[in-house]
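Descriptive structure summary
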Amino acid sequence: MSARSLLGSGARVLTDRLPGAHARRPAPDGPVVVVGGGIAGLATAALLAREGRDVTLVEATEQVGGRAGSWSAGGFRFDTGPSWYLMPEVFDHFFRLCGSSAAEQLDLVRLDPGYRVYFEGQTEPVDVRSDRRASQALFESLEPGAGSALGKYLDSARATYELALRRFLYTNFTSYPALVRPDVLARAGALVARLVQPLQSFVSRRFADRRIQQILGYPAVFLGSSPYLAPSIYHLMSHLDLTDGVLYPRGGFTEVIAAVRRVAEAQGVRIHTGTEAVELTTSAGGGRQSGSGGSGGGTTRARVTGVRVRDGAGAERTLPAGLVVGAADLHHLETRWLPEELRTYPQSYWDSKTPGPGALLMLLGVKGELPQLSHHTLLFTDRWEEGFDAIFGESTHIPDPASLYVCRPSATDRPDAGIAPAGHENLFVLVPIPADPGLGHGGVDGAGDATIEAAADRAIAQIADWTGIPDLAERVVVRRTIAPADLEDDLGAWRGTALGPAHTLAQSAFFRTRNVSRHVDGLYYAGASTIPGIGLPMCLISAELVLKHVRGDTGTAPVAEPGGGTVFDRAANDRTVNDRAVFDR
């Protein structure tokens, strides 16, 4: 595909598919109701309240956090979702927009090594440091000449990342100039090449060693994809883990959610947990009311009037609203809330899309120390492509053995953080599996469905064998498994995906699902289902994109922080490298 044809396709998306590209409508006045208490919902509520809006947030479960949840048992406290703190400037920017900072809200520590990798059939692991020179030295030790090649690769990754920050992450794609800025056009050929070439192909043309290919390709999983499906533009991820640094918020990601909640409540947001949103109410142009099962008022655009909610006791009431932000799973919201004629994304849309992977999550409390594991540890199998095909291919199944991830937060956190009792370790294990609720539910102490528990047993045995912990299974004192059916039931996750729609070419940037309804005025969306995509930083950006809609801001840059400028501007001013010179390497 040529640069002109791909940019032309993007332009057609902007002019033909995007609501408001022809004539933008101002955001409605009146109270705001945010549905969903994950990080995107909390952040959106905070930003809109700081704008002076009256904001109420409702969350169906008893705790906020969404996928970034928490579970406690036996003196252990486990994070149940995200565990990598990447793109730290995105978090800091959000807190600064709310009059605070990441330094004020969180106790962050830099991990060294950033992570450890065990390769199948090799007894010695590889420690990957978040340091450019150390990474180059490591790659050179694995493949002669790879150190120099990595330097060029990381230069390109950084330039791509910074262009994305300026032009593609903090934009709603509501104006064509986002695609025709000089800095974008100057790199159009390289951008198109990166969009149509898979990450695996891009990496393998530069590095022959399989271990290096796996290290550089695995970040695609963070994007809910595989290195064989994700566009190579996402090689920018390597700037984050090999150069920018891997941090950890002491206390776990529960503390990140607590911090975002604090700043939201400081802006005046009212948060109601245990309160399910059951229906979006709308009015037609003539003032006739219709709920989610109504007609929406003929040919006149419907308009948000409120959200009907149900509390834990079963009592229902309607919260009036001029603006509603759906920050839960987008498929769930559209197919449960709206009649077909008011859905921007009907079921037929979802039937043609690719979900990110499902996950077998294991929360393990283990007696004794586990020095064989770093804070972040990855296990990569020889059957690399086969493993991803098992997850994303035509005939899906749980890979065996699986390339998997282990987080050991007790390696880093304070003894008094409540992560694990003295003399014990806290492990969070993630095995990527197909997004298929039919695989079953997890459970506590082996009480999940047989397929899930058998896969968990295999994963524990694999970790024990590969990392030299032969008695690992016998040392487990707390065990819980979480599976795709749990994510579907508890979070409304589309097809039980652990992350959201995969970042394939057709589901990235201006091709990804939009964050404003085409048929209901005053209805917006935030979170991993929509632009810009998957991950906690992307969810924070999605909150800012709703704010930009409300302000009528069609620019591509992050919103200025109080006092002017952003943390991104200050970081860019500290560098003198010519981005254009390195972008096409």
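The model shown is predicted, which means the values in this text are computed figures rather than measured ones.

**Details of the overall build of the protein chain**
Of the regular secondary structure elements, the protein chain holds 22 helices and 21 strands. Computed over C-alpha atoms, the radius of gyration of the protein chain comes to 23 Å, within 12% of the 25 Å expected from 2.2 N^0.38 for 585 residues, which places it in the range of a compact globule. If you line up the protein chain on its principal axes, its C-alpha atoms span 70 × 60 × 50 Å. Within the protein chain, buried positions represent 61% of all 585 residues.

**With respect to the pattern of salt bridges**
Think of it this way: side chains of opposite charge can pair up when their charged atoms draw near. Taken as a whole and assessed by the stated rule, the structure comprises 25 salt bridges. Here D471 makes a salt bridge to R475, at a shortest N to O gap of 3.3 Å. Since its relative accessible area comes to 16%, R475 is described here as buried. Ionic contacts of the salt-bridge type, sharing partners, join the residues E276, E279, R308, R310 and E316 into one network.

**Remarks on empty space enclosed by the protein**
The final tally for this structure, using the stated rule, is five cavities of 30 Å³ or more. Roughly 110 Å³ of volume is contained in the largest cavity. Forming the boundary of the largest cavity are Y218, T381, R383, W384, G387, F388, I391, P399, P401, A402, S403 and P432. Take the lining of the largest cavity: its biggest share by element is four residues, from helix α16 (residues 384-392). The residue inventory of the lining of the largest cavity, partitioned by class, reads eight nonpolar, three polar and one charged. When its volume is computed, the second largest cavity comes out at roughly 90 Å³. Forming the walls of the second largest cavity are R77, F78, D79, S83, Y248, G252, F253, C407, P409, I419, N426 and F428. For the lining of the second largest cavity, the leading source of residues is strand β4 (residues 76-79), giving three residues.

**Describing the sheet that holds strand β6 (residues 115-119)**
Read from one edge to the other, the open sheet built from seven strands follows the order β7-β6-β16-β17-β18-β15-β19, with strand pairing classed as mixed. Both outer strands of the open sheet, β7 (126-128) and β19 (476-482), are each paired with one neighbouring strand and no more. In this sheet, adjacent strand axes meet at a mean angle of 20° when their direction is disregarded. Where strand β16 (residues 376-380) and strand β17 (residues 404-407) come together, four bridges link them in antiparallel fashion. From the neighbouring strand, T377 faces β17, where its bridge partner is V406. Along the sheet, helix α10 (residues 210-217) makes contact with β6, β7 and β16, crossing β6 at roughly 135°.

**Brief notes about unusual backbone geometry**
Along the chain, D400 connects to P401 via a cis peptide bond; the corresponding omega equals -5°. Position of P401 relative to the elements: it lies in the loop between α16 and β17. The residue after I531, namely P532, is reached through a cis peptide bond having omega 0°. Within the secondary structure layout, P532 lies in the loop between β21 (523-525) and α20 (536-551). Of note in the backbone geometry, M87 takes a positive phi value of approximately 55° without being a glycine. With a phi close to 50°, A509 is a non-glycine residue in the positive phi region. Within the secondary structure layout, A509 lies in the loop between α19 (484-491) and β20 (520-521).

Reading guide: rules and limits
- Residues numbered from 1 in each chain as written.
- Predicted model: local features only at pLDDT ≥ 70, side-chain atom pairs only at ≥ 80, totals over all residues.
- Heavy atoms only, no water.
- Helix = DSSP H or I, 4+ residues; strand = E, 2+ residues; numbered from the N terminus.
- Rg over C-alpha atoms; globule rule 2.2 N^0.38 Å.
- Buried < 20%, exposed > 50% of the residue type's maximum accessible area, 1.4 Å probe, protein only.
- Salt bridge = Lys/Arg side-chain N within 4 Å of Asp/Glu carboxyl O.
- 1 Å grid on protein atoms, 1.4 Å probe; cavity = no way out; pocket = protein on both sides within 12 Å on 5 of 7 lines; lining within 4 Å.
- Points joined across faces, edges and corners; volume = space filled by probe spheres on them.
- Nonpolar A, V, L, I, M, F, W, Y, C, P; charged D, E, K, R; others polar.
- Pairing = 2+ DSSP bridges.
- Axes fitted to C-alpha atoms, helices over the stretch in contact; angles between N-to-C directions.
- Contact = heavy atoms within 4.5 Å.

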